[in-house]
Amino acid sequence: MVQNMFRTGFLVRASHTLLTWVITLILFLHNTDLRKCEERGELLLPVVFFLLVMLSVLLYFAVSLMDPGFVLTDTVKGSNEEMESMIPQSSTPRLRRCGYCLLQQPMRAKHCQTCKRCVRRFDHHCPWIENCVGERNHRWFIVYLLVQLLALLWALHIALSGISPSVSWEPWFRANGFLLAALAVVGVFSLVVVLLLGCHLYLVSVNCTTWEFMSRHRISYLKNCGDDEQNPFDRGLVCNLWDFFCACRTVVWEQTYDRNTPNSV
């Protein structure tokens, strides 16, 4: 039963949610700016902060429980030929069958050993959300990181505002112990989120995934692109960002482009 709870991600999600609300409670109960606003009857900032934390939790569960783009069936035969024709014949990779789930993998898909499924436009398996980040939830993962970073930075400011001075170390530590613990946790999470967000925004700007960036030399459709580290999916900064963040249209992530010509291959 315990193994099943770990496998389904219940403990990870429960721990994240519990930690979030414990820290939020500490910030509201101590003599921070939030508490001072409540005492003065100014409820705007406390309500906005609470709603921001609530939004971050909702986005966390949305990304965590969302289908990242699992490959459910074999791709249509006609589309396989079309997909292979997108790359010059000298370097056309063969679409292969997954050795684990025996489904034909579209280009940019990868089998996740943790989820035991193939994921379209696989980026990585995130232990924080206990889910893969792929074609369907990568955009929302970035949005979640942005909201989470705003909440964490605001929480840092609030925690610092509640640190009270004292004449000696022992009473100071006793009075501020919980706030210092919250400050340490929020600080570590802030650093992690900043690094994650920065890396992902860079990869999005060049239309590359974490898996492709880290394993380029082992991926058939990338290792033969030349020694200049050329990315065949890169359309340029503006087009890449537009394709990624625009949810109003469907993007064919497998389509490749030749920088030497103005049109896609």
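Presented here is a report on the structure given in the accompanying data block. Bear in mind that the values here come from a model prediction, so they are computed numbers and not experimental data.

## What to know about the overall build of the chain
Each helix and strand counted, the chain has 10 helices and four strands in total. Along the chain, helices and strands appear, N-terminal first, in the series α-α-α-α-α-β-β-β-β-α-α-α-α-α. Evaluated residue by residue, the chain yields a buried proportion of 42% over its 265 residues. Carbon and sulfur atoms provide 65% of the accessible area of the chain, an area that totals close to 15,000 Å².

## Quick notes on the pattern of salt bridges
Summed over all chains, the structure comprises six salt bridges. Among the salt bridges present, the one from D67 reaches R136, with a minimum N-O distance of 3.3 Å. One end of the pair, D67, is in the loop between α4 (44-65) and α5 (77-84); the other, R136, is in the loop between β4 (131-133) and α6 (138-161), with 69 residues separating them in the sequence. D243 serves as the salt-bridge partner of R235, at 2.7 Å between the closest nitrogen and oxygen. Looking at D243, the relative accessible area reads 4%, which means it is buried.

## Things to note about the side chain of D234
Along the chain, the position of D234 falls in the loop between α9 (220-223) and α10 (237-245). At 2.6 Å, the side chain of D234 forms a polar contact with the side chain of N240.

## What about the environment of R97?
By the secondary structure assignment, R97 is in the loop between α5 and β1 (110-112). On the basis of relative accessibility, which here comes to 46%, the residue R97 falls in the partly exposed class. Once the C-alpha coordinates of R97 and D74 are considered, the two residues, 23 residues apart in sequence, prove to be 9.0 Å apart. If near-sequence neighbours (up to four positions away) are discounted, R97 is found in contact with D74, L102, L103 and Q104.

## Some points on the side chain of S190
Mapped onto the fold, S190 is located in helix α7 (residues 169-205). Here the side chain of S190 touches V186 through a polar contact of 2.7 Å, landing on its backbone oxygen. With residues up to four places along the chain from it excluded, the contact list for S190 reads L149, L152, L153 and L156.

## With respect to the packing of α4 against α6
Relative to each other, α4 and α6 sit at 145°, their axes nearing to 9 Å. By crossing handedness, the relation of α4 to α6 is classed as left-handed. Taken together, the residues of α6 that come into contact with α4 (itself represented by L45, V48, F49, L52, L55, S56, L59, Y60 and V63) are W140, F141, V143, Y144, V147, Q148, L150, A151, W154, A155 and I158.

Cut-offs applied
- Residues numbered from 1 in each chain as written.
- Predicted model: local features only at pLDDT ≥ 70, side-chain atom pairs only at ≥ 80, totals over all residues.
- Heavy atoms only, no water.
- Helix = DSSP H or I, 4+ residues; strand = E, 2+ residues; numbered from the N terminus.
- Buried < 20%, exposed > 50% of the residue type's maximum accessible area, 1.4 Å probe, protein only.
- Areas by Shrake-Rupley, 256 points an atom, 1.4 Å probe, with all protein chains shown as cover.
- Salt bridge = Lys/Arg side-chain N within 4 Å of Asp/Glu carboxyl O.
- Polar contact = N/O pair within 3.5 Å; in protein donor to acceptor, adjacent residues only side chain to side chain.
- Contact = heavy atoms within 4.5 Å.
- Axes fitted to C-alpha atoms, helices over the stretch in contact; angles between N-to-C directions.
- Left-handed = near helix turned anticlockwise from the far one by under 90°.

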